[in-house]
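Overview (structure and organization)
What follows is each chain in one-letter form.
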Amino acid sequence: MMLSAFTARPIVELKQRDKSKIESILAYGDRVLVGLNTGSLRIYRVNDQIDDADAETERRQNGADLLREEDKFSRRPIQQLAIIKEANILVSLSDNYVSIHDIQTYALQERLDKTRGATTFAAASNIVKDALTGIPSIVSHLAVAVKRKIILWTWQDMELTGDAVEISLMASVKSLTWATGTKIVAGMDPGFVMVNIETHEVQDISKPGALGDGGGGGSSSQGGARFGAVSSSGMGYMGMGSWVPKPLATRLGEGEMLLAKDVNSLFIDTDGNPLDKRQVPWHAAPETIAYSYPYMLTLQPPSKGGLEIRNPDTLSLLQLISLPNVTFLHVPQPNISLAHAGKGFLVASDRCIWRMGAQSYETQIDELVVNGRYDEALSLLNMLEHTLLLDKEDRVRQIQILKAQALFDQNKYREAMELFIDAKAPPERVISLYPASIAGHLAPEESVKGDGSVVDEEEPNGEKAAVDVKESTPVHAPTIGRSMMGRFGVGGHKKVDSDAASIRTNSAKDDTMETASIRKRPTDPPQIDKGAAEKDFKDSVRALQSFLTQCRVQIKRYIDTEGNLKEPLPTPSGSQMEADKPPFHFFIEESSMQGPTDWKAKLLEVAQLVDTTLFRAYMIANPSVAGSLFRLPNFCEPDVVQEKLYETGRYADLIDFLHGKKLHRQALELLEKFGKNEADEEVSPALQGPQRTVGYLQQLPPEMIDLILEYAEWPLRTDPKLGMEVFLADTENAETLPRDRVLEFLQNIDLKLAVRYLEHIIEELNDLNVDFHQRLVDLLLERLKSGDFESDEDKADWRVRLQAFLKKGNAQYNRYRVFQQLPGDDADYYEARAIVLSKMGSHKQALAIYVFQLKDYKKAEEYCNQIYTAPPTPSSPMRTPGRTGTTSTIEDTEPSIYHVLLALYLTPPPPNQANWPPALDLLSKHGARLPASTTLDLIPPTLPVKDLESYFFGRIRSANSLLNEERIVSHLRGVEKVAVESAVLLGDGKTDAYGRLIAGGLNRRVVIDEDRHCAVCHKRFGGSAIRVFPDNSVVHSGCMRGSVGRRVSGSAGWR
């Protein structure tokens, strides 16, 4: 369908008895000047358009009122009229002369005799700044074409300046059009040239492809390269009655012009350079061309009587208005700027003048959108200024979305998604184009009965889906979505009209003809090839993936993985009732919003929709890459993903997804089901057994201790060693679990597991909690007393573990309590009792156990060695001479731990007898540690001295060693004393660069001259007594008393 941008309204119509004919028209303000063939000038006042329905008849009859008529304005037909408002003059062309008239009285002021033979003229006014002063002034130019010359007059600030300037050209000038304030395009039979009125330079305007031939201008340029030459169309006009088409030109938008000759056209810039644009598709040579912001106007020959309205950007024909015998087209100034927006222009025949009234731009755009001509609507929006529209950016965005939907409807999925991305389309609107397998609940209910089912019902009111442009957003989405479902095998729909450039070609005669794609009537459903339909569907899904991926990236700029906005929402200012929309508002389909909007919740819904739909798309088109989506933080709907992954048997991916969504209980339930092989489905071996459950539990934080303990039981019972890795692993999570709860949990399952855990936290994690230490001893004793062992080796292992822990120096158990728990009549606990007694400081009782109960003299000796070499403690009653810091004497009189053991050997309590072999062995090995004064009292007189030979040798060697050590230390201290005295007297023996010894110590010299001052009082020394410090600082003796200890840190002086 054609656009109804303009409506013709007749304002002047000559009466039947009036034999005059209209030759020229001129409009300015509310006046219309009409030049007749009789030489008369009629002045009309145009009435404003009346919207009152009651005055419709009057409006038609009185479109313009005749104010006056100047019968003697000219003797010949008035061929052309123009006004130079700044100079207050009216310019006319009549009888091949250009005349100047007063704009108020229309009286002739001057006929320009130099214009004899004039064929046309062009007037223009511009604001020019003075090059020296910078003061702007209005400069008006009048260019008159006289045969092969252009004669130029100039007015500056209403005053004619200078004489007329003549510029000669190569041929007769047929048309003149101002390009800029200093350049004018002249049309001739040999072509077009650009004339600079300041430099008088003439430049040929060349065709594309012949730019190298276009010289600097002048008549010597090659005519074959010039656009508009007689041969430019590839043929001459010799057989056509010597008819040569008139060269036409008009200025379009800023910096652009259109040249036309016959059906050929050329777009140029204001410097005469051709632009890279195709030719205007005229079917016949235009009679006149013009520009009325923002449209290009073309007047067809009078025989056709039509006015074409074209888009200067796309060159598409938007409207064709049929007017009988139209020959004149006049656009009031200014016709190329925003000031002309929405104003009408005049079209006239020799008997009637029509004023073209324009609809509002909003209405024009709405009409283009309704007709599916989205490219034209976008082009028009781009040409219009923001001030002419309510919300230009939003209109562009909405139309881009509609165009993308139409492209999608034509299987152009990639192009459609790229346009959706550029338009920042709401994801909900794009997703709703797809069937339920992708869109879920957004898919139209009537379009899908089930997977692969076809709905044969015709959409009601399908051809009226786009009537109301205000509601085009919600209407088009389901419409096109149903069409896509039809091609995918899940629905059907009748297409809407589409655009000429990207969708289809409209025709004024038949608006149902479609050339961009083939469609069928709803009553004749197409035969669907399942293979092709599946491939087509997957192509659309892959295109959707790119759109959704881009949406995810943009959404992450505004919201984090926890669902919190990264930037606060805008708040209303003092003058605003409501806050501005947040920067992410384009993600949200605003048509469904009512009342106050929770933007954060809406954005979360969109993020969830995008991720869930992207997951569905991956599962359909690229299942292998779906894992990369839900292994990272995402907003997917858990139910949808869980159901889909379970159906497809992707259990490992399902576990990863549930972990990412922190649905740990569901994940652990599945792992338990798979691990115990209780699932009806066949699962991979990797999910069978407790291994995967243990690994999952290790990743959970300590805050989820209840869940960890709940699902750790079955791995512990199935494989205790593997299950304990949940609590023993070298990870931060395992080390920070609540240890008391873990211990209680493990003890309820198996005492051995609790012991293993306690040993881990005490020995490896160095936990010093007294309760844990005591609990470990209690559990070890409980296990040993139970007697439930598989073998003697197992029992011995537990006994060794108990003894090893009791011996530890950092063990924090209650010694008295433990000693009471150890049975005194059970040989398995003898050594444990001895260890506890040792910890309590009861060394004699501990040694008695080793000597009399265990009868293990080697362990008794090792016990003594350990006590003797241990660091002394205040509570220890036994002295360790080898480790004291005091000066040792040759003969120690205090008893040592060895003396206690020897006493047990030689004077045991009854009923035990003296045991000489270990006693003599002890005397032989450790005689040096047994003082003779106390040792010999224990030896009976009957013992031969020969048996004590090794003892005496040891004592003598010990005394000699101690004496020799003292002598050596004494001599070493004497050497050290000499060295110190030498340093004090002579210095440290430093040498200078020549190897000479530098005097130091008390032997050094300090020179006191007149320039040297006291480091304390800063006075000269004179004959006063002085004191010299080790760093050679010199002070008065009196000053020294107050300066001792007051030296400034980091300085060489003293205070």
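That block above? That's the structure.
Below: a short report on this structure. (Residues numbered from 1 in each chain as written. Predicted model: local features only at pLDDT ≥ 70, side-chain atom pairs only at ≥ 80, totals over all residues. Heavy atoms only, no water.)

For the protein chain, the helix and strand inventory stands at 32 helices and 29 strands. In the protein chain, which comprises 1055 residues, the proportion classed as buried is 46%. Here the analysis covers contacts within the protein chain between residues at least 6 apart in sequence; of these, 53% occur between residues at least 24 apart. When the accessible surface of the protein chain is totalled, it reaches about 54500 Å², and 49% of it is carbon and sulfur. (Helix = DSSP H or I, 4+ residues; strand = E, 2+ residues; numbered from the N terminus. Buried < 20%, exposed > 50% of the residue type's maximum accessible area, 1.4 Å probe, protein only. Contact = heavy atoms within 4.5 Å. Areas by Shrake-Rupley, 256 points an atom, 1.4 Å probe, with all protein chains shown as cover.)

On to the pairing of strand β12 (residues 149–156). Of all 8 residues in β12, 6 are buried; the element is thus mostly enclosed. Pairing of strand β11 (residues 136–146) with β12, which is carried by 8 bridges, proceeds in the antiparallel orientation. Along β12, the bridge assignment pairs His-141 with Thr-154. In this antiparallel pair of consecutive strands, β11 and β12, the connection spans 2 residues, and Lys-147 shows a positive phi of 55°. Pairing geometry for β12 and strand β13 (residues 159–168), over 7 bridges, is antiparallel. Bridging from a neighbouring strand, Leu-152 pairs with Val-165 of β13. (Pairing = 2+ DSSP bridges.)

Take the packing of aromatic side chains next. Applying the stated criterion across every chain yields a total of 17 aromatic pairs. Plain terms: the ring middles of Tyr-558 and Phe-587 are 6.4 Å apart, the flat faces sit at 65° to each other, and that makes the pair edge-to-face. Here Phe-587 lies in the loop between α9 (530–555) and α10 (599–621) and Tyr-558 lies in the loop between α9 and α10, a separation of 29 residues in the sequence. Neither Tyr-558 nor Phe-587 differs from the other in exposure class; each is buried. Aromatic side chains Phe-586 and Phe-587 sit 4.5 Å apart centroid to centroid with 40° between the ring planes, which places their arrangement in the tilted category. For Phe-586, a relative accessible area of 9% corresponds to the buried category. Note on Phe-587: relative accessible area 2%, which makes it buried. Among the aromatic residues, those joined into a cluster by ring pairs are Tyr-558, Phe-584, Phe-586, Phe-587 and Trp-599. Over the aromatic face of Tyr-97 sits the side chain of Arg-111, whose NZ or CZ is 3.9 Å from the ring centroid. Here the guanidinium or amino end of Lys-424 rests over the ring plane of Phe-586, the centre of that ring lying 4.8 Å away. (Phe/Tyr/Trp six-rings, centres within 6.5 Å; stacked < 30°, edge-to-face > 60°. Lys NZ or Arg CZ within 6 Å of the ring centre and 35° of its normal.)

Three- or four-residue spacings in an α-helix give side chains the same orientation, since the helix completes a turn every 3.6 residues. With 18 residues, helix α4 (residues 392–409) extends 26 Å between its outermost C-alpha atoms, agreeing within 8% with the 26 Å of an ideal straight helix rising 1.5 Å per residue. A large share of α4 lies buried, amounting to 16 of its 18 residues. In the segment just after α4, Asn-411 is the residue with positive phi, at about 70°. (Expected span 1.5 Å × (residues − 1).)

Read from one edge to the other, the open sheet built from 4 strands follows the order β6-β7-β8-β9, with strand pairing classed as antiparallel. At either end of the open sheet lies a strand with only one pairing partner, and these are β6 (78–84) and β9 (108–112). Across the sheet, the mean angle separating the axes of adjacent strands is 20° when strand polarity is ignored. When β6 meets strand β7 (residues 89–94), the two strands line up antiparallel, connected through 6 bridges. Bridging across to β7, Ile-84 finds its partner in Ile-89. (Axes fitted to C-alpha atoms, helices over the stretch in contact; angles between N-to-C directions.)

Another aspect to go through is the state of the cysteines. With the rule as written, the count across this model stands at 0 disulfides. Between Cys-1017, a free cysteine, and Cys-1039, which holds the nearest cysteine sulfur, the sulfur-to-sulfur gap is 3.7 Å. Relative accessible area serves as the criterion here: at 27%, Cys-1017 is assigned to the partly exposed category. For Cys-1039, a relative accessible area of 18% corresponds to the buried category. (Disulfide = S-S within 2.5 Å.)

What follows is about the nonpolar core. Counting 150 residues, the largest nonpolar core has Phe-420, Tyr-434, Phe-727 and Leu-746 as the members making the most contacts within it. Counting residues per element, this core draws most heavily on α10, which supplies 12 residues. Leave out the neighbours within four places in its chain, and Phe-420 touches Ile-401, Ala-404, Gln-405, Ala-425, Val-430, Leu-433 and Phe-547. Within the second largest apolar cluster, 47 residues are counted, among which are Phe-6, Val-326, Cys-352 and Leu-381. (Core = buried A, V, L, I, M, F, W, Y, C linked by side-chain atoms within 4.5 Å.)

Overall, antiparallel pairing links the 4 strands, which are arranged β2-β3-β4-β5 in an open sheet. Of all the strands in the sheet, just β2 (22–28) and β5 (64–70) have a single pairing partner and so form its edges. Going from strand to strand, the sheet's axes swing by 20° on average, the running direction of each strand aside.

Moving on to unusual backbone geometry. Backbone torsion omega between Tyr-293 and Pro-294 reads 0°, so that peptide bond is classified as cis. As for its position among the elements, Pro-294 is in the loop between β21 (288–292) and β22 (295–299). The peptide bond linking Pro-910 to Pro-911 adopts the cis configuration, its omega dihedral lying at 10°. Positive phi, normally seen in glycine, also occurs at Asn-325, with a value near 60°. Tracing the sequence through the fold places Asn-325 in the loop between β24 (317–322) and β25 (328–330). Phi at Asn-766 takes a positive value of approximately 55°, unusual for a residue other than glycine. Relative to the elements of secondary structure, Asn-766 occurs in the loop between α21 (751–764) and α22 (770–786). Given the relative accessible area of 46%, Asn-766 is considered partly exposed.

Turning our attention to the pattern of salt bridges. Counted according to the given criterion, the structure contains 36 salt bridges. One salt bridge connects Asp-189 with Lys-174, and the closest N-O pair in it is separated by 3.1 Å. One end of the pair, Asp-189, is in the loop between β15 (183–188) and β16 (191–196); the other, Lys-174, is in strand β14 (residues 173–178), and 15 residues separate them in sequence. Residue Asp-189 is classed as partly exposed on the basis of its relative accessible area, which comes to 22%. (Salt bridge = Lys/Arg side-chain N within 4 Å of Asp/Glu carboxyl O.)

This paragraph deals with the packing of helix α23 (residues 792–807) against helix α25 (residues 830–840). Where α23 contacts α25, the axes come no closer than 9 Å and their chain directions differ by 5°. With respect to α25, the axis of α23 lies roughly parallel. Residues Gln-803, Leu-806 and Lys-807 of α23 lie in contact with α25, whose contacting residues are Glu-831, Ala-832, Ile-835, Val-836 and Lys-839. Considered class by class, the residues forming the contact of α23 with α25 number 4 nonpolar, 1 polar and 3 charged. (Parallel < 35°, antiparallel > 145°, perpendicular 65-115°, else oblique. Nonpolar A, V, L, I, M, F, W, Y, C, P; charged D, E, K, R; others polar.)

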